[in-house]
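Reading the structure
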Amino acid sequence: MKAGNGIRRAAAVVLAVMMAMAVVPVAMAAEKKEQQYAFTYKEQQITVGMAADTALKAFGKENKVKTLANCADDNGKDKAYIYDDFEVIITKEGKKEVVQSIRLTSGNVGTEEGIKVGDLPAAVKKAYPDAKEEAGLYTVVLGDSQLVIDCGFKNDKVVEICYEAAGKK
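Let me sum up the structure you'll find in this document.

Criteria and thresholds
Residues numbered from 1 in each chain as written. Predicted model: local features only at pLDDT ≥ 70, side-chain atom pairs only at ≥ 80, totals over all residues. Heavy atoms only, no water. Helix = DSSP H or I, 4+ residues; strand = E, 2+ residues; numbered from the N terminus. Contact = heavy atoms within 4.5 Å. Pairing = 2+ DSSP bridges. Axes fitted to C-alpha atoms, helices over the stretch in contact; angles between N-to-C directions. Phe/Tyr/Trp six-rings, centres within 6.5 Å; stacked < 30°, edge-to-face > 60°. Buried < 20%, exposed > 50% of the residue type's maximum accessible area, 1.4 Å probe, protein only. Arc of directions from axis to C-beta.

To continue, consider the overall build of the protein. Scanning the protein from N- to C-terminus turns up 3 helices and 10 strands. Along its sequence from the N terminus, the protein presents helices and strands in the succession α-β-β-α-β-β-β-β-α-β-β-β-β. Within the protein, contacts between residues separated by at least 24 positions form 37% of all contacts whose residues are at least 6 apart in sequence.

Written as structure tokens, this is what we have:
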């Protein structure tokens, strides 16, 4: 009987190790997916690339919708959903509509790090020490997303914050 217990114990250890190894890739995939900037609105996190219907449902009723020409696609029409404090641009990727960008336009909403329209460049630099600055535009990248914080031509205060896919401007 003692030999049987040893085999069972060894089998249990092997099974536990195999299960732990199977969980690691799943956890890594979830962690990688979360590596992007998210705009939090009414406790909902909205990210660039997420399904448009999910984002628009979280935002509620828009004030206005504008149709925009999509230069990358002759037949494509992007849509700008205008709210009191921000705009959301929706585009098509294949057959599905996704969030292309989120533009914060007032000091009533801000980034997870607390930056809002009206803040000084010093606050931007403190919140995002790795941000690259060029002509009053502060760009900071996280995973496949980026924040572009526009401090205006005089580089004196934040006038707009844009969440978008990394590599865009």
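Moving on: the sheet that holds strand β8 (residues 137-142). What the 8 strands build is an open sheet, ordered β3-β4-β5-β6-β10-β9-β8-β7; its pairing is antiparallel. Of all strands in the sheet, those with a lone pairing partner are β3 (64-69) and β7 (132-134), marking the two edges. Across the sheet, the mean angle separating the axes of adjacent strands is 25° when strand polarity is ignored. Both strand β5 (residues 86-93) and strand β6 (residues 96-104) contribute to a ladder of 8 bridges, which runs antiparallel. What sits directly across from F86, in β6, is L104.

Scanning the entire structure with this criterion turns up 10 aromatic pairs. Note on F39 and F59: the rings are 6.1 Å apart at their centroids and 35° apart in plane angle, and the pair reads as tilted. Taken together, the positions of F39 in strand β1 (residues 38-41) and F59 in helix α2 (residues 52-59) put the pair 20 residues apart, joining distant regions of the chain. Of the two residues examined, F39 and F59, each falls in the buried class. Aromatic pair Y83 and F86: ring centres 4.8 Å apart, planes at 20°, arrangement stacked. Neither residue differs from the other here; Y83 and F86 are each classed as buried.

In this section: α2. Since one α-helical turn is 3.6 residues long, residues separated by three or four positions face the same way. Where α2 is concerned, the buried positions are A52, A55, L56, A58 and F59. Projected down its long axis, α2 shows its buried positions confined to an angular sector of 160°, all on one face. Turned more than 90 degrees away from the buried face of α2, the exposed residues are D53 and K57. On its buried side, α2 packs onto β1, β2 (44-47), β4 (77-82), β5 and β6.

Before going further, it helps to examine unusual backbone geometry. Non-glycine residue K42 carries a positive phi angle of around 50°. Its place among the elements puts K42 in the loop between β1 and β2. At E43, a residue that is not glycine, the phi angle is positive and equals roughly 65°. Mapped onto the fold, E43 is located in the loop between β1 and β2. Residue E43 is classed as exposed on the basis of its relative accessible area of 77%.

Read these as spatial facts, not as claims about activity.
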